[in-house]
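Per-entry structural report
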Amino acid sequence: MPRPAISVHGLRKSYGDRTVLDGVDLTVPEGTVFSLLGPNGAGKTTVVKILSTLISADPDSGPVHIGGHDLGTEAQAIRGAIGVTGQFSAVDGLITGTENMLLMADLHHLGKREGRAVAAELLERFDLADVADKPAATYSGGMKRRLDIAMTLVGSPRIIFLDEPTTGLDPRSRHTMWQIIRELVTGGVTVFLTTQYLEEADELADRIAVLHHGTIAAEGTAEELKRLVPGGHVRLRFTDPAAYRAAVTALGEGTRDDESLSLRLPSDGSQRELRSLLDWLDSAGVEADELTVHTPDLDDVFLALTDGTRVPHQSKETAR
Amino acid sequence: MSTFSLAVRDSSTMLRRNLLHARRYPSLTLNLLLTPIMLLLLFVYVFGDTMSAGIGGGAPDRSAYIAYVVPGLLLMTIGSTTIGTAVSVCNDMTEGIIARFRTMAIHRPSVLIGHVVGSVLQCVVSVVLVGAVAVAIGFRSHGAGPLEWLAAFGLLVLFATALTWIAVGMGLISPNAEAASNNAVPLILLPLLSSAFVPLDAMPGWFRPVAEYQPFTPAIETLRGLLLGTEIGHDGWLALAWCLGLTVLGYFWATSKFDADPK
C-alpha cells in the first residue's frame, strides 16, 4: 500500500473552553482528492490551518504526518511539500498579477528565466494573461481565486490544500475550478478540499468525510455515504384534492403531505420496482398528475449526519 | 542553500515587495514627512526668535536656532517615518498573503526583515528630504569632515533600525491600522520630550533625568556634536547602547509575535 500523503490521528484543537476539534482521524492516499464536508463552524478551516502549519494543534493531539513529515517537528519540510489556497484571498492586492506570480517564483528560488516562464504559463492557463499587468485588487472574485490557485501552483506542490475554493464563484468559474482540480490530480497531486457544496464533493472527491461537532461523523466514497441513509422514494403529486384523498385511501401507505397534496412511497428507484409500483397504482385506480423519482444524494447524508431531523430534499429530481 | 543565504535571498525578495508598495503608493510616506517639515518651519519662523533669545539669553538669532533644532528634527523624522512602518506592518498582517508566506518553506523572519530594511531606506530618504529643506532655509554644519558625516549617517541608520524594529512589533500587536498608529505615538512624542527643541538646562529639574536618558536625547546630542562640533561626551555611547538595545529587543519581540499562531 502506498504511503499516505496525509495521515492524521486524534487531532485536537481548542480555544479556551471551546473545543473545535475533538479527535479527528483522517488518511488521504497519494494522488487522490479528499473532501472534508461540514456545516459552517464545524472546524473545517481549523483542520486546514493546522495541517498547512499555519496554526498549531493542541499539545495532547495525536501524530500528524504530511508527505511523510511529522507536523510537530518538521514543519518546514512540510511547507516545502504543500501548497495552500485558503478561504480568504491570499494575493497581494497592491501589486499586479504578474508581480504576484514572480514573487512566488522568487520565494521558491526559481531562476529569473524559469520564474518568468512559469509565471507566464500559469497566468495563461488560468485565463489571466489579459489582466496580468493590472493590480490584483482590481480583479473580480473569480479572477482573484484563479490567481490565488495559480500562485499556489508555482512551486509545483505535491499536496494541495484548498479551503472552500469555489465559495462565492459563479457557476462557470466553479466548473473551471473543478477542471483545474481534476487536471492536478491527473498529474499525481494530492488534493485536500473543504467545501460546503455537496455537489462539489460528489463531483471531485475520491473520499469524503463529514466533520461534525469536532469529530468525523462519517467517511467513505460518495456511494458509501449515500448508502448510509435511506432516502430513495417516489413522490406522487395531485392537483385535485378529491383524487389525492382517493389515492391516500386506496394506497393506505406512504408519507402524506396534505398541504402540497403529495404522497411519498419508499422506493430504490430501480426499473423493476418502478414497474410494479406503476402496476399497483393502475390497479388501485390512482391517477397522479406528477410522478418524480428521488435517489438519496449527499444532501440527505449531510443533513442526516449533522442534524437530527430529516428535511425532504429538493435536488436531483427527475420529473416524469 | 545555507540558512544565511536563504535568509538574504528571501529577505531581499520581501524588500522588493515592500519597495514596490512604497513606490506605487507613496502617499503614506509623504504624509508622514509633513509633520517634521511643518515643525521645522514652525519652530524656525514662528518660535525661532523667542526660542533663540530664551536659549542664548541675548538678542534673538533665528539662524542660531536653525542650527540647534535641525538635528532633533532629523531624528524626529525617523520617528515619524516609523509610525508608517507600524501601520503598514499591521495592514500587511491582515492580508491573506501573509498567511500564504507562513505556509511556505521560506526564511520566516524575512517577511519582517523586508519591512525593516524597506523602512530604514525610507527613513534615509525622508531624512535627506527634511535635511534639504533645512539647508534651503539656512542650516549649515560647522567643522564636520567626511568622518563626521559618515558617523552621522551611521547613527541615523542605526537609530532608524532600532525604532523600526520597535515599530514592527507595535504593528504586530495592533488589531487594526488605527490602533497601530496610536500605539506608535510615543515614537513621535518622545522627541518633543527631549533636547530637540530646548536644552536640558531649560527644563524643570525633576524632568531633566527623564529627558536626558530617553533614547532621543543622546542621539540628538551626538548628531549635534557631529554636525555642529558641540561636546558629545557620554552621549555617543548612550546613543549607541540605545540603538543596539532597542534593535535586539525589537527583533526578539517582533519575531516572537510573528511566530505565534495568527488569530
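Residues numbered from 1 in each chain as written. Chains lettered and ligands numbered in written order. Predicted model: local features only at pLDDT ≥ 70, side-chain atom pairs only at ≥ 80, totals over all residues.

Facing 23 residues of chain A, the contacting portion of chain B comprises 21 residues. Contributing elements (two or more residues each) for the side of chain A that touches chain B: α2 (75-81), β6 (82-85) and α3 (97-107) of chain A. (Contact = placed C-beta atoms within 7 Å. Helix = DSSP H or I, 4+ residues; strand = E, 2+ residues; numbered from the N terminus.)

Residues and elements named next belong to chain A. Sheet architecture is open: four strands sit in the order β2-β1-β4-β5, paired in antiparallel fashion. Edge positions in the sheet fall to β2 (18-29) and β5 (69-70), since each has one partner strand and no second. Looking at chain direction, strand β1 (residues 4-15) and strand β4 (residues 64-66) are connected through three bridges and run antiparallel. Bridging from a neighbouring strand, Ser7 pairs with His65 of β4. (Pairing = 2+ DSSP bridges.)

All names here are of chain A. Residues other than glycine seldom take positive phi values, yet His109 does so here, at roughly 60 degrees. Mapped onto the secondary structure, His109 falls in the loop between α3 and α4 (112-125). By the C-beta count within 10 Å, which is 17 here, His109 ends up partly exposed. In this structure, Asp127 takes a positive phi of about 65 degrees despite not being glycine. Note on placement: Asp127 falls in the loop between α4 and α5 (141-153). Take Asp127: there are 14 C-beta atoms within 10 Å of it, and that puts it in the partly exposed class. (Buried ≥ 20, exposed ≤ 12 C-beta atoms within 10 Å, placed from the backbone.)

The subject of this paragraph is the domain arrangement of chain A. All names here are of chain A. Split by domain assignment, chain A resolves into domain 1 (4-91 + 139-227) and domain 2 (228-319). Contact residues are listed per partner, giving 13 residues for domain 1 and nine residues for domain 2. Those elements that place two or more of their residues in the side of domain 1 that touches domain 2 are α7 (198-204), β9 (207-212), β10 (215-220) and α8 (222-228). When residues of the side of domain 1 that touches domain 2 are assigned to their parent elements, the largest contribution, four residues, is made by α8. Across the side of domain 1 that touches domain 2, the residue classes break down as nine nonpolar, one polar and three charged. (Domains from an automatic or database assignment. Nonpolar A, V, L, I, M, F, W, Y, C, P; charged D, E, K, R; others polar.)

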